[in-house]
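The primary structure of each chain is shown beneath.
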Amino acid sequence: DRLFQVFDRQLRHLTRLVDDLMEVSRITQGRMQLRRAPVELSALVRCAANDTAQIMKAAGHTLRLSVCEAPAVVDGDATRLAQVVINLLTNAAKYTPDGGLIELHLGCDAGMAEIRVCDNGIGIPAPALGTVFDMFSQLEPALERSKGGLGIGLALVRGIVELHGGSIQAESAGQHKGS
């Protein structure tokens with residue numbers, strides 16, 4: 001029974017990895033089709049926070065949510081936008097030591113929506129800020145962590161955000177100072 005659980009977990013990880021690689025491939029080849037419709041981001045952000053609650057709880061993280069009052073409606077693919085927020089939250093959880101603080105903000109101003117994920121995790125050295133969204137990009141401390149991925153998630157996030165006409169950037173005061 002325990003062997004079956006391990007096999008099942010590993011199969012799910014492998015399936016997710018292959019799915020992510022296929023998604024990035026579609027984006028780079030210009031073949032990803034967005035199913036655009038009006039999307040209310042407040043509800044989407046709350047659902048993404050809810051979807052990552054178990055990950056946060058398992059690591060003892062506090063997830064602080066800050067959502068703008070005004071309805072934030074964008075023309076986008078709700079599934080892909082949720083994938084962006086979930087990937088950012090999951091990444092923050094992975095690279096924040098247990099018991100950390102992760103914040104998810106949705107701001108609305110002058111016809112623009114901004115989603116921000118902040119953490120008090122391992123941080124990003126200045127030279128890596130420009131490459132953190134590249135395929136297979138990983139920081140040295142991340143490679144040592146058992147929770148480390150393969151550096152696909154943030155490349156996928158950037159591709160989806162750019163397909164929506166948005167932009168993404170990483171900021172950090174440096175190593176061990178969050179991002």
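The numbers attached to residues start from 1 for each chain and follow its sequence in the written order. Whole-chain, interface and lining totals are the exception, using all residues; otherwise, since this is a predicted model, local features are given only for residues with pLDDT of at least 70 and side-chain atom pairs are given and counted only at 80 or more. Water and hydrogen atoms play no part in the side-chain values, which are based on all heavy atoms of the structure.

Novice: What is the right way to look at the overall build of the protein in this model?
Specialist: Elements are defined by DSSP. Helices are runs of H or I of four residues or more, strands are runs of E of two residues or more, and each kind is numbered from the N terminus. The number of helices and strands found in the protein is six helices and five strands. Mapped from its N terminus to its C terminus, the protein presents α and β elements in the order α-β-α-α-β-β-α-β-β-α-α. Across the 179 residues in the protein, those meeting the buried criterion constitute 36%. Reported accessibility uses the Shrake-Rupley method at a 1.4 Å probe radius. Residues are deemed covered only where the shown protein chains occlude them. Per element, the accessible surface of the protein, about 10,700 Å² overall, is 54% carbon and sulfur. Each residue gets one of three labels from its accessible area relative to the maximum for its type: buried under 20%, exposed over 50%, partly exposed in between, using a 1.4 Å probe on protein chains only.

Novice: For this particular structure, what's the right way to read the sheet that holds strand E5 (residues 112-119)?
Specialist: In any sheet, the strands associate via hydrogen bonds between backbone groups, in a parallel or an antiparallel arrangement. At least two DSSP bridges between two strands are required for those strands to pair. Sheet architecture is open: three strands sit in the order E2-E4-E5, paired in mixed fashion. Bordering the open sheet on either side are strand E2 (62-67) and E5, each of which pairs with just one other strand. Strand-to-strand twist of the sheet, defined as the mean angle between neighbouring strand axes without regard to direction, takes the value 10°. Bridge count between E2 and strand E4 (residues 101-109): six bridges; the pairing is parallel. Among the inter-strand pairings, Ser 66 is bridged to a residue of E4, identified as His 105. In this analysis, two residues are considered to be in contact whenever any of their non-hydrogen atoms come within 4.5 Å of each other. The axes used here are C-alpha line fits, helices contributing only the stretch in contact, and every angle between their N-to-C directions lies in the interval 0 to 180 degrees. This element, helix H2 (residues 41-51), spans E2, E4 and E5 of the sheet and lies at about 175° to E2.

Novice: Sorry, what's going on with the pattern of salt bridges here?
Specialist: When the charged atoms of two side chains with opposite charge come close together, those side chains can pair. The rule for a salt bridge is simple: a side-chain nitrogen of Lys or Arg has to be within 4 Å of a carboxyl oxygen of Asp or Glu. Throughout the structure, instances matching the rule amount to three salt bridges. Residue Arg 36 is joined to Asp 75 by a salt bridge in which the shortest nitrogen-to-oxygen separation is 3.5 Å. Of this pair, Arg 36 sits in the loop between helix H1 (2-28) and strand E1 (37-40) while Asp 75 sits in strand E3 (residues 73-76), placing them 39 residues apart in sequence. For the salt bridge of Glu 114 with Arg 116, the shortest nitrogen-to-oxygen distance reads 3.4 Å. On the basis of relative accessibility, which here comes to 45%, the residue Glu 114 falls in the partly exposed class.

Novice: Is there a simple way to think about the packing of helix H4 (residues 78-94) against helix H6 (residues 153-163) in this case?
Specialist: For any two helices packed against each other, one specifies the crossing angle of their axes together with the interaxial distance. Two elements in contact, H4 and H6, have axes separated by 9 Å at closest approach and are oriented at 145°. Between H4 and H6 the crossing geometry is left-handed. Mapping the contact onto sequence places Arg 80, Gln 83, Val 84, Asn 87, Leu 88 and Asn 91 in H4 and Gly 153, Leu 154, Leu 156, Val 157, Ile 160 and Val 161 in H6. In this classification, the charged set is Asp, Glu, Lys and Arg, the nonpolar set is Ala, Val, Leu, Ile, Met, Phe, Trp, Tyr, Cys and Pro, and all remaining amino acids, among them Gly, are polar. Tallied by class, the residues present in the contact of H4 with H6 amount to seven nonpolar, four polar and one charged. Handedness of a crossing is defined here by the sense of rotation of the near helix relative to the far one, left-handed for an anticlockwise turn of less than a right angle and right-handed for a clockwise turn.

Novice: I tried to follow the packing of H2 against H4 on my own but got confused; where do I start?
Specialist: Interaxial distance between H2 and H4 falls to 9 Å at its minimum, and their mutual angle equals 45°. Considered as vectors, H2 and H4 are oriented oblique to each other. Between H2 and H4 the crossing geometry is right-handed. For the pair H2 and H4, contact is made by Leu 41, Leu 44, Ala 48, Ala 49 and Asp 51 and by Ala 78, Leu 81, Ala 82, Val 85, Ile 86 and Leu 89, respectively. To sort the angles, those under 35 degrees are grouped as roughly parallel, those over 145 as roughly antiparallel, those from 65 to 115 as roughly perpendicular, and the leftovers as oblique.

Novice: Would you mind showing me how to read H6 here?
Specialist: What sets the pattern is the α-helix's 3.6 residues per turn: residues three or four places apart point alike. Buried within H6 are the following residues: Leu 154, Ala 155, Leu 156, Val 157, Gly 159, Ile 160 and Val 161. Where H6 terminates, the next one or two residues include Gly 165, which has phi positive at roughly 85°.

Novice: Would you mind showing me how to read the nonpolar core here?
Specialist: Most often, soluble globular proteins have nonpolar side chains that are buried together. Ranked by size, the top nonpolar core spans 33 residues in total, and within it Leu 41, Leu 44, Leu 89, Ile 102, Leu 104, Leu 106 and Val 117 carry the most contacts. Elements represented by at least two residues in this core include exactly H2, H4, E4 and H6. Ranked by residues supplied to this core, first place goes to H4 with eight residues. Here Ile 102 is in contact with Met 56, His 61, Thr 62, Leu 63, Arg 64, Leu 89, Ala 92, Ala 93, Thr 96, Val 117, Cys 118 and Asp 119, once residues within four sequence places are set aside. The term nonpolar core refers to a set of buried residues drawn from Ala, Val, Leu, Ile, Met, Phe, Trp, Tyr and Cys, joined through side-chain atoms within 4.5 Å.

Novice: Sorry if this is basic, but what is going on with unusual backbone geometry here?
Specialist: Most peptide bonds take the trans form, and the phi angle of most residues other than glycine is negative. Even without glycine at this site, His 176 takes up a positive phi of about 65°. Examined against the element boundaries, His 176 turns out to sit in the segment after H6. A relative accessible area of 61% means that His 176 is categorised as exposed.

Novice: Quick question: what am I supposed to make of H2 here?
Specialist: If you check which residues of H2 are buried, you get Leu 41, Ser 42, Leu 44, Val 45, Ala 48 and Ala 49. Angularly, the buried residues of H2 cover 165° about the axis, an arc narrow enough to put them on a single face. Across from the buried face of H2, at angles greater than 90 degrees, the exposed residues are Asn 50 and Asp 51. Directions drawn from the helix axis to the C-beta atoms are what define this arc.

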